[in-house]
Amino acid sequence: MNISVAEKLYKIGSVAACSGLSVKTVRYYEEMGLLSPAVKRSPAGYRLFGETVFNRLAFIKRSQTLGLNLQEIKDILQVRDRGELPCSEAKQHLRAKVEEISVQIAALETLKGELQGILNCWQEQPSQASITSTICPNIQRD
C-alpha cells in the first residue's frame, strides 16, 4: 500500500467506531482480503488502515444490503483493485441475485398455496382414528 507521509492512519478500533462495525467484523473482512489495499501492519503488528478503508466498508455494507455475499463482494473489489471499473462484475452478481430471488419467490408461492390448502380443510375435531395414528391429523393428512 502506498502511503504518503501526510496520510492519516487509523487503528482497528477507530475504524470500527467510525464505520459502525465491530472490531471483530473489521478484522474478519481484513482476513478475507476485502480491505487489503487499505491496510498494512505497524512494526508492532497493529493493523493500520488508510482513509480508503471507509469507502470500502461503505461499499461492503451497501452490497450486503443488496443481498451479495462476501465472496461476491470480494470478486467485485478485486476488479477494482486491478484498476478497472467493477460495474459490469457487480451487474452480473446483481442479475444472478435477481434470478435467485425469483426462484425463491416461486418456491414460496408454492408453499403458500400448500399452507392455504391445509388451512382451508382444517378440522377442529378430527376423527378418533386419525388422532391415534398421527401427531396432528391436519398436517399429516394424505
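Scroll up for the structure.
Just so it is clear, the model here is predicted, and its values are computed rather than measured. (Residues numbered from 1 in each chain as written. Predicted model: local features only at pLDDT ≥ 70, side-chain atom pairs only at ≥ 80, totals over all residues. Heavy atoms only, no water.)

Some points on the sheet that holds strand β1 (residues 10-11)
Sheet strands line up and pair through hydrogen bonds in the backbone, either parallel or antiparallel.
Phase 1 of the analysis: Strand order in the open sheet formed by three strands is β1-β3-β2, with antiparallel pairing between adjacent strands. Here the strands that pair on one side only, and so sit at the sheet edges, are β1 and β2 (39-41).
Phase 2 of the analysis: With three bridges joining them, β2 and strand β3 (residues 47-49) adopt antiparallel strand pairing. Residue pairing in the sheet places Lys-40 in a bridge with Leu-48 of β3. (Pairing = 2+ DSSP bridges. Helix = DSSP H or I, 4+ residues; strand = E, 2+ residues; numbered from the N terminus.)

Considering helix α1 (residues 12-19)
Phase 1 of the analysis: Here α1 has its buried residues at Ile-12, Val-15, Ala-16 and Ser-19. The arc enclosing the buried residues of α1, seen along the axis, measures out at 100°, which places them on a common side. For α1, the exposed residues set more than 90 degrees away from the buried face come down to Ala-17 and Cys-18.
Phase 2 of the analysis: Residues of α1 that are buried in the fold lie against β1, α2 (23-32), β3 and α3 (52-65).
Phase 3 of the analysis: Positive backbone phi, at 80°, marks Gly-20, one or two positions downstream of α1. (Buried < 20%, exposed > 50% of the residue type's maximum accessible area, 1.4 Å probe, protein only. Arc of directions from axis to C-beta. Contact = heavy atoms within 4.5 Å.)

Some thoughts on the nonpolar core
Phase 1 of the analysis: Core analysis: the largest hydrophobic core is formed by 22 residues, its most contacted members being Val-26, Tyr-29, Leu-34, Leu-35, Phe-49, Leu-57 and Ile-60.
Phase 2 of the analysis: Considering every element that reaches this core, the biggest residue donor is helix α4 (residues 70-81), with four residues.
Phase 3 of the analysis: In this view, Leu-35 contacts Val-26, Tyr-29, Glu-30, Phe-49, Val-53, Arg-56, Leu-57 and Ile-60; residues no more than four positions away in its chain are not counted. (Core = buried A, V, L, I, M, F, W, Y, C linked by side-chain atoms within 4.5 Å.)

Focus: the packing of α3 against α4
Phase 1 of the analysis: Between α3 and α4, the least distance of the axes is 10 Å, while the angle of their chain directions is 140°. Taken together, the axes of α3 and α4 are oblique relative to one another. At the point where α3 passes α4, the crossing takes the right-handed sense. The segment α3 lies against α4, with Arg-56, Phe-59, Ile-60, Ser-63 and Gln-64 engaging Leu-70, Ile-73, Ile-76, Leu-77 and Asp-81. (Axes fitted to C-alpha atoms, helices over the stretch in contact; angles between N-to-C directions. Parallel < 35°, antiparallel > 145°, perpendicular 65-115°, else oblique. Left-handed = near helix turned anticlockwise from the far one by under 90°.)

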